[in-house]
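For reference, the chains in residue letters:
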Amino acid sequence: MDTDPIALDGFLDEETVPGDLHGSTARFRLTVSPTDERTDEMILPCSVADPELAHAVIHDLVPGDKLRVTGYLRLPRTPDEPMWLAVNTLAVLETAPQLSDPAAVATAVIHRYGPYVCWFDADTTDVEVFTETGDWVGTAPEPNDLGELFEAFEHRQAADGE
């Protein structure tokens, strides 16, 4: 039975890794969020068998890149087998933002919550928040206040008719 390939958009979760000693295959994890609900978000392991595409995956992609992958979902046949997407094509939809201060990277983390991107800095409790499209949402005084900030932003957007 022939199956059609599936296409998914998502964010590169972490650094890519070679799938073999020669780098002719590659593996990576894609964070897929088909809706803006956190409960719908999943991390999908992906593998690339094409040597040219594997080289590009290993050397050109960085965590945070927004990708569109097309391939075939491989479901486990036994409980100890993983599920993964065998990727045939890959396109970079958006590159991850470049951080200007390399020293800040060591003490800060970017984390994604559905359509929101949060900048956690180890030197302060403040959390700066943007939408995935780059619109400023605001600053939460501490991580526990993120829910209130998201809710206030969504109410402002609803009031503006967006």
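Residues numbered from 1 in each chain as written. Predicted model: local features only at pLDDT ≥ 70, side-chain atom pairs only at ≥ 80, totals over all residues. Heavy atoms only, no water.

Secondary structure summary: the protein chain contains three helices and 10 strands in total. If one aligns the C-alpha atoms of the protein chain with their principal axes, the spans along those axes are about 50 × 40 × 30 Å. Taking contacts inside the protein chain between residues at least 6 apart in sequence as the whole, the part at least 24 apart equals 42%. Accessible surface, the protein chain as shown: approximately 10600 Å² in total, 53% of it carbon and sulfur. The centroid of the 9 positive side-chain charges in the protein chain is displaced by 8 Å from the centroid of its 32 negative side-chain charges. (Helix = DSSP H or I, 4+ residues; strand = E, 2+ residues; numbered from the N terminus. Contact = heavy atoms within 4.5 Å. Areas by Shrake-Rupley, 256 points an atom, 1.4 Å probe, with all protein chains shown as cover. Lys, Arg positive; Asp, Glu negative; His and termini not counted. Charge placed at Lys NZ, Arg CZ, Asp CG, Glu CD.)

Enumeration over the complete set of coordinates arrives at four aromatic pairs. Between Tyr116 and Phe153 the ring centres are 6.1 Å apart and the planes differ by 80 degrees, which places this aromatic pair in the edge-to-face class. With Tyr116 in strand 8 (residues 116-121) and Phe153 in helix 3 (residues 146-159), this pair connects stretches of sequence that are 37 residues apart. Per residue, the accessibility class of Tyr116 equals that of Phe153, and both read buried. With centroids separated by 5.0 Å and ring planes inclined at 70 degrees, the aromatic side chains of Phe130 and Trp136 adopt a geometry described as edge-to-face. Through a chain of ring-to-ring contacts, three or more aromatic side chains come together here, namely Tyr113, Tyr116, Phe150 and Phe153. (Phe/Tyr/Trp six-rings, centres within 6.5 Å; stacked < 30°, edge-to-face > 60°. Buried < 20%, exposed > 50% of the residue type's maximum accessible area, 1.4 Å probe, protein only.)

Okay, the pairing of strand 9 (residues 127-131) next. Burial along strand 9 is one-sided: Val127, Val129 and Thr131 are buried, and none of Glu128 and Phe130, which face the opposite way, are. Sheet topology places strand 8 next to strand 9; five bridges connect them, and they run antiparallel. Counted as the bridge partner of Tyr116 is Thr131 from strand 9. Where strand 9 and strand 10 (residues 136-140) come together, four bridges link them in antiparallel fashion. Each bridged residue has a counterpart across the sheet, and for Phe130 the counterpart in strand 10 is Trp136. (Pairing = 2+ DSSP bridges.)

Below, the discussion takes up the pattern of salt bridges. Tallied over the entire structure, the rule returns five salt bridges. A salt bridge links Asp9 to Arg68, with the shortest nitrogen-to-oxygen separation between them at 2.6 Å. A residue pair is termed long-range when its members are at least 10 positions apart, and Asp9 in strand 1 (residues 6-12) and Arg68 in strand 5 (residues 66-74) qualify at 59 residues. Arg29 is the salt-bridge partner of Glu14, the closest N and O atoms lying 3.2 Å from each other. Of this pair, Glu14 sits in the loop between strand 1 and strand 2 (17-18) while Arg29 sits in strand 3 (residues 26-32), and the two are 15 residues apart along the sequence. (Salt bridge = Lys/Arg side-chain N within 4 Å of Asp/Glu carboxyl O.)

Let us look at the environment of Val48. Tracing the chain through its elements places Val48 in strand 4 (residues 42-48). Since its relative accessible area comes to 1%, Val48 is described here as buried. Between the C-alpha atom of Val48 and that of Arg27, which follows or precedes it by 21 residues, the distance is 6.3 Å. Once residues within four sequence positions are removed from consideration, Val48 is found in contact with Thr25, Ala26, Phe28, Leu53, Ala54, Val57 and Val87.

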